[in-house]
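Here are the chains, one letter per residue:
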Amino acid sequence: MSDDVNVKKSSPMDDVELKEWLASLDYVLNSGTPDRVQYLLQQLQIRAQESGVTLPFTYNTPYINTIPKDKQPPFPGNRDLERRIKSIVRWNAMAMVVKANKLADGVGGHISTYASSATLYEIGFNHFFRGRTDTNNGDLVYFQGHASPGIYARAFVEGRLTETNLRNFRRELAEGGGLSSYPHPWLMPSFWQFPTVSMGLAPIMGIYQARFNRYLEDRGLKAKDDNKVWVFMGDGESDEPESLGALTMASREKLDNLIFVINCNLQRLDGPVRGNGKIIQELEALFRGAGWNVIKVVWGDDWDSLLEKDTEGLLARRMGEVVDGEYQKYSVSSGAYIREKFFGTDPRLLEMVAHLSDEQIGDMKRGGHDPEKVYAAYKAAVEYKGAPTVVLAKTIKGYGLGESGEGKNISHNQKKLNDQELKEFRSRFNIPISDAEVAKAPFYKPAEDSPEMQYLRERRKTLGGALPLRRTETTPLKTPSEETFEEFYKGTDGRAVSTTMAYVRILSQLLRDETIGKLIVPIIPDEARTFGMEGLFRQCGIYSHVGQLYDPVDSDSLMYYKEAKDGQILEEGINEAGSISSFIAAGTAAASHNINTIPFYTYYSMFGPQRVGDLVWAAGDLRCRGFLVGATSGRTTLNGEGLQHQDGHTHLLTSTVPNLVSYDPAFAYEIAVIIRNGIERMYEKQESVFYYISVGNENYAMPPMPAGVKEGIIKGLYRFSQSAKTSDLKAHLLGSGAIMNQVLEAQKILEEKYNVSTDVWSAPSYNELRREALHVERDNLLTGKKNRVPYVTQMLQAEKGVFVSASDYMKVLGDSIRKWVPGPYTVLGTDGFGRSESREALRDFFEVDAKHIVWAALTTLHDQKQISDEVLSKAQGDLKINPNKLNPMIS
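Chains are numbered independently. Their residues run from 1 in the order of the written sequence. Two thresholds apply to this predicted model, a pLDDT of at least 70 for residue-level local features and 80 or more for giving and counting side-chain atom pairs, whereas whole-chain, interface and lining totals are computed over all residues. The basis for every side-chain value is the complete set of non-hydrogen atoms in the structure, without hydrogens or water.

A. Quick look at the environment of Gly 648. In this text, helices come from DSSP runs of H or I with a minimum length of four residues, and strands from runs of E with a minimum of two, each type numbered from the N-terminal end. Mapped onto the elements, Gly 648 comes out in the loop between β12 (627-631) and α27 (650-654). To sort residues, take the accessible area from a 1.4 Å probe on protein chains only and compare it with the maximum for the residue type: under 20% means buried, over 50% means exposed, and anything in between is partly exposed. The class of Gly 648 is buried, set by a relative accessible area of 0%. For the pair Gly 648 and Asp 831, spaced 183 residues apart in sequence, the C-alpha to C-alpha distance is 7.3 Å.

B. How the structure looks around the packing of helix α4 (residues 112-127) against helix α20 (residues 451-462). Packing of α4 against α20 leaves a shortest axis separation of 7 Å and a crossing angle of 65°. As judged from the angle between their axes, α4 and α20 are roughly perpendicular. The residues of α20 that touch α4, namely those facing Gly 124, Phe 125, Asn 126 and His 127, are Tyr 455, Arg 459 and Arg 460. Throughout this entry, Asp, Glu, Lys and Arg are counted as charged residues, while Ala, Val, Leu, Ile, Met, Phe, Trp, Tyr, Cys and Pro are counted as nonpolar. The remaining residues, Gly among them, count as polar. Of the residues belonging to the contact of α4 with α20, the class tally is two nonpolar, three polar and two charged. For helices, the fitted axis covers only the stretch in contact; all axes are lines through C-alpha atoms, and the angles between them, taken along N-to-C directions, range from 0 to 180 degrees. An angle counts as roughly parallel when it lies under 35 degrees, as roughly antiparallel when it exceeds 145, as roughly perpendicular when it falls between 65 and 115, and as oblique in every other case. The contact criterion used is simple: two residues touch if any of their non-hydrogen atoms lie within 4.5 Å.

C. A look at helix α30 (residues 740-754). Here α30 is 15 residues long and its end C-alpha atoms lie 20 Å apart, about the 21 Å a rise of 1.5 Å per residue gives. Restricting attention to buried positions, one finds in α30 the residues Met 740, Gln 742, Val 743, Ala 746, Gln 747, Ile 749, Leu 750, Glu 751 and Tyr 754. Positive backbone phi, approximately 55°, marks Asn 755, located one or two places after α30. The span one expects for a helix is its residue count, reduced by one, times 1.5 Å.

D. Molecular detail of helix α10 (residues 279-289). Taken as a whole, α10 has its buried residues at Ile 279, Ile 280, Gln 281, Leu 283, Glu 284, Ala 285 and Phe 287. Tucked inside the fold, the buried residues of α10 contact α8 (241-244), α9 (247-252), β3 (258-264), β4 (293-297), α13 (324-331) and β5 (389-394).

E. Highlighting the side chain of Ser 238. Mapped onto the elements of the fold, Ser 238 is located in the loop between β2 (229-234) and α8. Once you skip the residues sitting within four places of it in the chain, Ser 238 turns out to touch Met 233, Ser 243, Leu 244, Ile 279 and Leu 283.

F. Region of interest: unusual backbone geometry. A cis amide bond links Leu 467 with the next residue in sequence, Pro 468, at an omega value of -5°. By secondary structure assignment, the location of Pro 468 is in the loop between α20 and α21 (486-489). The phi angle at Asn 755 is positive, at roughly 55°, despite the residue not being glycine. Taking relative accessible area as the criterion, Asn 755 reaches 39% and is therefore assigned partly exposed.

G. Just the packing of helix α3 (residues 79-103) against α4, in detail. With their axes 10 Å apart at the nearest point, α3 and α4 run at an angle of 130° to one another. In terms of orientation, α3 lies oblique with respect to α4. As for how α3 packs across α4, the hand of that crossing is right-handed. Where α3 abuts α4, its residues Glu 82, Ile 85, Lys 86, Val 89, Arg 90 and Ala 93 lie against Tyr 114, Ala 115, Ala 118, Thr 119, Glu 122, Ile 123, Asn 126 and His 127. Here the residues of the contact of α3 with α4 sort into seven nonpolar, three polar and four charged. The crossing is said to be left-handed when, going from far helix to near helix, the turn is anticlockwise and less than a right angle, and right-handed when the turn is clockwise.

H. Inspection of the pairing of strand β17 (residues 729-735) at higher detail. Where burial is concerned, most of β17 is hidden: seven out of the seven residues are buried. Strands are treated as partners if at least two bridges between them are detected by DSSP. Bridge analysis of β17 against strand β18 (residues 756-762) gives seven bridges, and the strand direction is parallel. Across the sheet, the residue bridging to Leu 729 is Val 756, located in β18. Note on handedness: a crossover is taken as right-handed if, strands pointing away from the viewer, the path from the first strand over the helix to the second is clockwise. Between the parallel elements β17 and β18, the chain passes through α30 in a crossover that is right-handed. Note: β17 against strand β19 (residues 802-806), five bridges, orientation parallel. Note on β19: the bridge partner recorded for Gly 735 is Ala 806.

I. Examining the packing of aromatic side chains more closely. Pairing of aromatic rings covers Phe, Tyr and the six-membered ring of Trp, with a centre-to-centre limit of 6.5 Å; geometry is then stacked below 30 degrees between planes, edge-to-face above 60, and tilted otherwise. Following the criterion strictly, the structure yields 51 aromatic pairs and no others. Here the aromatic rings of Phe 342 and Phe 343 are separated by 4.8 Å at their centres, their planes lie at 85°, and the arrangement is edge-to-face. In this structure, Phe 342 and Phe 343 share a single accessibility class: buried. Here, a charge over a ring means that NZ of Lys or CZ of Arg falls within 6 Å of the ring centre while also lying within 35 degrees of the ring normal. Stacked on the ring of Phe 156, the Lys or Arg Lys 445 has its end atom at 5.1 Å from the ring centre. We note Arg 623 situated over the ring of Trp 186; from NZ or CZ to the ring centre the distance is 4.3 Å.

J. The arrangement of the sheet that holds strand β1 (residues 140-142) in detail. The strand order β1-β2-β3-β5-β4 describes an open sheet built from five strands, whose pairing is parallel. A strand with exactly one partner marks an edge of an open sheet, and here the two such strands are β1 and β4. Here the strands of the sheet are splayed against their neighbours by 15° on average, with no regard to which way each runs. Where β4 lies against β5, five bridges are found, and the strand directions are parallel. Its bridge partner being in β5, Asn 293 is matched across the sheet by Thr 389.

K. Looking closely at the pattern of salt bridges. The salt bridge criterion pairs a side-chain nitrogen of Lys or Arg with a carboxyl oxygen of Asp or Glu, the two atoms within 4 Å. Applying the stated criterion to the full structure yields 49 salt bridges. Between Arg 84 and Glu 452 there is a salt bridge, with the nearest N and O atoms lying 3.4 Å from each other. Here Arg 84 is found in helix α3, whereas its partner Glu 452 is found in helix α20, with 368 residues between them in sequence. With respect to class, Arg 84 is no different from Glu 452; both count as buried. In this structure, a network of salt bridges that share partners links the residues Lys 19, Glu 312, Asp 346 and Arg 348.

L. Representation of a nonpolar patch on the surface in the model. Patches here are clusters of residues that have more than 30% relative accessible area and form no salt bridge, with a 9 Å joining cutoff for like charges and a 5 Å cutoff for nonpolar side chains (Val, Leu, Ile, Met, Phe, Trp, Tyr). Values of accessible area rely on a 1.4 Å probe in the Shrake-Rupley scheme; residue burial ignores everything except the protein chains shown. Taken together, the side chains of Trp 21, Leu 41 and Leu 44 present a nonpolar region at the surface, about 330 Å² in accessible area. Locating Leu 44 in the fold gives a position in helix α2 (residues 34-50).

M. Focus on the sheet that holds strand β10 (residues 570-571). Pairing in this open sheet of six strands is parallel, and the strands run β10-β7-β11-β12-β14-β13 from one edge to the other. Strand pairing shows two members of the sheet lacking a second neighbour, β10 and β13 (660-663), which therefore form its edges. Here four bridges tie β13 to strand β14 (residues 690-694), and the two strands are oriented parallel to one another. Bridging across to β14, Leu 660 finds its partner in Phe 690. Docked against the sheet, helix α24 (residues 576-587) engages β7 (520-524), β10, β11 (598-604), β12 and β14, running at close to 165° with respect to β11. Sheet strands touched by helix α28 (residues 668-684): β11, β12, β13 and β14. Its angle to β14, the strand with the most contacts, is close to 170°.

Okay, here's the thing in structure tokens:
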């Protein structure tokens, strides 16, 4: 990729020769067709290369608008009314942030992002963004998070929000209702469609949302339409790896339903995005190289007449020479400075602007502030077929803020304006507020019968209604019957299977269900064969918009790699960020399309929240539904892969997401009960929760489900096995996941060798136990009464003896319920880095095998003076407990 910043200085002879070549090109342009021009240029390139001349490689076009003046479509709107509406929205957006910070210093908010992008949004609102109707789902728009004040301000002018709402910006608990700082569907579920302010997430979510829209169409779940997914982002945001990491997927899938709009105001929080380069040219090369249609909107119409005179390409060349840091300097400088520094490098450039005053030069707009240029770009983007489009719009950060922040490095953090600055802003945008009132930064809305209000309402009515708008009511699904899960309740009759295998079998059953089967969306990041899911390839097919254009290498096998246009599996490759983005798109299809798709995203458990935690948090904010399934889970259960793969902490990470319900089941029947409960809660009762289930790859016999345990499975604890032994010594062992087998072995040893009556409890969810207990404690605290008892305490309070918890996760998981366990309680877990070894060796190393569980029970009994020093000492030798072994927490 070349950089047109470093342009070779031309000599007079070069200029003469260039004029001759340009004259020849003009002749062909005037007498032939664009195809003829392309042919001649290609032939010239071939001749040059054959002669040993290698052309510099570039994906860049000149630093001018992609759509020239003579190719612009007529502007269909009323420029004057649209300018008035935009000015009113600008004022209210600014007033909202200023007022909020006057009322409560430090509340924060951002003025400059919307100030720079107001035209980009208003052209969308007035001409392109389609609202949802009874017959059309409308466009999906990812608004740039920091521009939220402008979106609120427009909703206020439209009558969707009140003055009280705006006055309570960033004060969501205030009387009358407030507004969230940024787009958050969790906080404003009927307003915001997508959370976007964790920078970098909107672009990747938008790409996979556009692909999922196609998936629904190709599978016949949704009627085909020409609705668009719009993603607005800043140029500084492009540095986030997620922003640009999935570009080739969008072009490979030919997602012409996807439009990116990048607000290139050249500034990030601290300074220039590319002070010594050109961010627009950099992004153009990246997007064009990835196969996108690129439309640059660099210069406003003030520059058109100058470019028309630029027959020698001098101005375009000069535009390409100047770096962004200098352009940023121009935005805060006088016209005289621009004349000297920009045009003054060549007498011919100075001659071009000799007829313009310094004031006129200073007022020449950038393309992103020109409604007609933006309209032309959007129209071209909407009509383009065969690839996604990105619009690169050059703007000024803080545009309109004047001395208080326009184009300055401090613009992003500008939250206050003094009285004089408010007056200047008022006057610049012609807002009818008196000098006496302006210092209060009052909100302003025109009269209901004013031309502005009539025009605004007519435009949104024509486009289908208000945006943003999120659907909150959807058609519920009926939960599959108990018969669907009956075989898993019965166990495997001695046959050894893993919980992963049991889960895959349940998923296969659900895919065949007549009611919900077609709505299930299996998502796999290139690990289907690892998880034993390759049987689904043939059963469901792997989704591909173009079908399968090749004969797969394993086509003669039963479980061959089958791609199909109506395939059900989303096989995302080695791509957890893309996979979770597909999960989010599928898990929010009810809100986006009124289609209750049920995603099952199955992945290496280590590469879930640890890898894509920010997207998991966004899924929670989005009220996403579905099942995250962490396969090959457990620090000691995935034995050979070692440190980077052995997961002993995902359940701690899932506990941080308030609406993520997590389980670590030990048996097939537990998985069946959990999945059925999840479908009922999410898709029949329409609760805004989603599920995480960890499953492992260790094979063992699955027992039948004991009677009356379903409630305990869901709540997180039930008695699996009650001892028949009569003894003064009593222990209760809590187990989960694959470590449950170690607990059962420990029960046997305790009873047979140490005369300890031992009950075994299955604890599928410490997180759910803790959450329920916290709710109870809060209720008791606020009522001042102790009327309620946590479920975990209810289950254990009548039991005598000591309690020991063992899991394949860090000790803090079991320790999280310590407060509510009514007796001496010892917790075992897998704190520390994993390593490659056998399961037996790993469980000994992490001290979660049967002998260490036995030892924990005995030492806890000893602490209670229930067994003697001699018994404990002998047990230490018998069990081969080594106090000098490596410490797994630090080894």
